[in-house]
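# Structural description and commentary
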Amino acid sequence: MFKGSFVALITPFKKGLVDEKAFGDFVEWQIAQGTHGLVPVGTTGESPTLSHDEHKRVVEICIEVAHGRVPVMAGTGSNSTDEAIELTLHAQEAGADAALIVTPYYNKPSQTGLYAHYKAIHDATKIPIFIYNIPPRCIIDMSVETMAALSKLPRIRGVKDATGNLERPLLQRIASGTKFCQLDGDDTTALGFNAHGGTGCISVTGNIAPKLVSQMQEASLSGDHAKALAIQEKLMPLHKAMFAEPSPGPVKFAAAMLGICSDEVRLPMAPPSKATTDRVKALVKQLGLVGPKAKGGKSAAKAKGSKKKKK
């Protein structure tokens, strides 16, 4: 279930509020374009600036629209263990297929503290859990050994690895076994990550180029390295442009170009500079990217599956 192109979904805003219709249409388009899994309210979804009510509503909309067609891995992390448990229980009750839980930021817990944090969340819930290890944002790095210990718990199913270290997936594979699912957290290293034992990527670029990103993953995981490499080479300048300035500024600008939603971000995020927007414009045109309302494309005006998925 947890392989291929999972997209770290942006959260559309309109005049300061979550644009629920745009988000529902966006989820529908992602599925139509071949995205293998959906990740609402991660960092790309501006989860730090969403209220708890907004956070929960975005998760609910994603699950309702997906309606079991693709897995939904909801972001439920916090640097407060109790808060992470609350958000994870909500995702579980809403029908999410898994929870993505970031290592506690700012607190800087020890490896012992990290283990205890995840075990407490695991023991309080019944949903599969993915560890999100991203040292550049959280300062701390969960060790291979701590992750291996956590992987022995029955519902710690895998990791989103955003270390940027291509030694890690192979070292973790040795320590945790082949059933521990490893998803890359960086589009630029996704192909190499799979070669070292990964099973896919939680993608930012997939917000605006979902078909190409999913095709790259399908080629890579089926063993067609030449095809995967050709697609990744084509996408690499766009991957880099998405982080020319703090995300999700560039990807939201591109989404606005494609008619997906407005380019509105919430402070402390700021709109990207003209240099970045010019770069993004050129790449979107060069790749021939089109949005859900393009002529001949599938419109997502009517969100499917309005009922919550039953577990």
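For the structure, see preceding data.
Residues numbered from 1 in each chain as written. Predicted model: local features only at pLDDT ≥ 70, side-chain atom pairs only at ≥ 80, totals over all residues. Heavy atoms only, no water.

### Structural notes on the nonpolar core
Rules: To define a nonpolar core, start from buried Ala, Val, Leu, Ile, Met, Phe, Trp, Tyr and Cys residues and group those joined through side-chain atoms within 4.5 Å. Partly exposed residues are those whose accessible area sits between 20% and 50% of the maximum for their type, while under 20% is buried and over 50% is exposed, using a 1.4 Å probe and protein chains only. Labels follow the DSSP assignment, with helices taken as runs of H or I lasting at least four residues and strands as runs of E lasting at least two, numbered in each case from the N terminus. By definition in these notes, contact holds between two residues if any of their heavy atoms fall within 4.5 Å.
Membership of the largest hydrophobic core comes to 89 residues, with the highest contact counts inside it found for Leu38, Met73, Ile208, Leu238 and Leu289. At 7 residues, helix H2 (residues 52–66) tops the list of elements feeding residues into this core. In this view, Leu289 contacts Ile208, Ala209, Leu212, Leu238, Leu258 and Val284; residues no more than four positions away in its chain are not counted.

### Focus: the side chain of Thr11
Inclusion rule: Polar contact is defined as a pair of N or O atoms within 3.5 Å, subject to the rule that within protein one atom must be able to donate a hydrogen and the other to accept it, and that residues adjacent in sequence are counted only when both atoms are side-chain atoms.
Of note, Thr11 is situated in the loop between strand E1 (4–8) and strand E2 (13–14). Only 2.8 Å separates the side chain of Thr11 from the backbone oxygen of Gly45, close enough to count as a polar contact. Residues in contact with Thr11, not counting those within four places in the same chain, are Val18, Thr44, Gly45, Glu46, Leu50, Val58 and Lys252.

### Quick notes on the pattern of salt bridges
Side chains that differ in charge, positive against negative, can pair when their charged atoms come close. The condition is simple: Salt bridges are counted wherever a side-chain nitrogen of Lys or Arg sits within 4 Å of a carboxyl oxygen of Asp or Glu.
Considering all chains together, one arrives at 11 salt bridges under this definition. Ionic pairing is found between Arg57 and Glu64, a salt bridge with its closest N-O pair at 3.7 Å. Look at Arg57 and you get partly exposed, because its relative accessible area is 29%. Residue classification places Glu64 among the buried positions, given a relative accessible area of 15%. The residue Arg168 makes a salt bridge to Asp141 at a minimum N-O spacing of 3.2 Å. Note that Arg168 is positioned in helix H7 (residues 168–176) and Asp141 in the loop between helix H5 (135–138) and helix H6 (144–151), a separation of 27 residues in sequence. A residue is classified by how much of its surface remains accessible, and Arg168, at 8% relative accessible area, is buried. Each of the salt bridges in this network shares a partner with another, and the network as a whole consists of Glu20, Arg57, Glu60 and Glu64.

### Notes on the packing of aromatic side chains
Note the cut-off: Two aromatic rings, drawn from Phe, Tyr or Trp (for Trp, its six-membered ring), form a pair once their centres lie within 6.5 Å of each other, and the interplanar angle then sorts them: stacked below 30 degrees, edge-to-face above 60, tilted otherwise.
In this structure the tally under the stated criterion is 3 aromatic pairs. Taking 6.3 Å as the distance between ring centres and 40° as the angle between the ring planes, the aromatic pair formed by Phe2 and Phe6 counts as tilted. For the pair formed by Phe2 and Phe6, the shared burial category is buried. Every member of this aromatic cluster is reached through a ring pair, and the members are Phe2, Phe6 and Phe130.

### A word on the sheet that holds strand E5 (residues 73–75)
Selection criterion: Criterion used throughout: strands pair if DSSP finds at least two bridges between them. Axis angles are defined between N-to-C directions and span 0 to 180 degrees, where every axis is a line fitted to C-alpha atoms and, for a helix, only to the segment in contact.
Taken in spatial order, the 8 strands of this open sheet run E4-E1-E10-E9-E8-E7-E6-E5, and their pairing is parallel. Unpaired on one side and paired on the other, strand E4 (37–39) and E5 mark the two borders of the sheet. Here the strands of the sheet are splayed against their neighbours by 30° on average, with no regard to which way each runs. Bridge count for E5 against strand E6 (residues 98–102) is 3 bridges, and the pairing is parallel. In the sheet register, Met73 faces E6, and the bridge partner there is Ala98. Strands in contact with helix H4 (residues 111–124) are E6, strand E7 (129–133) and strand E8 (156–161); relative to E6, the strand with the most contacts, it is inclined by about 155°.

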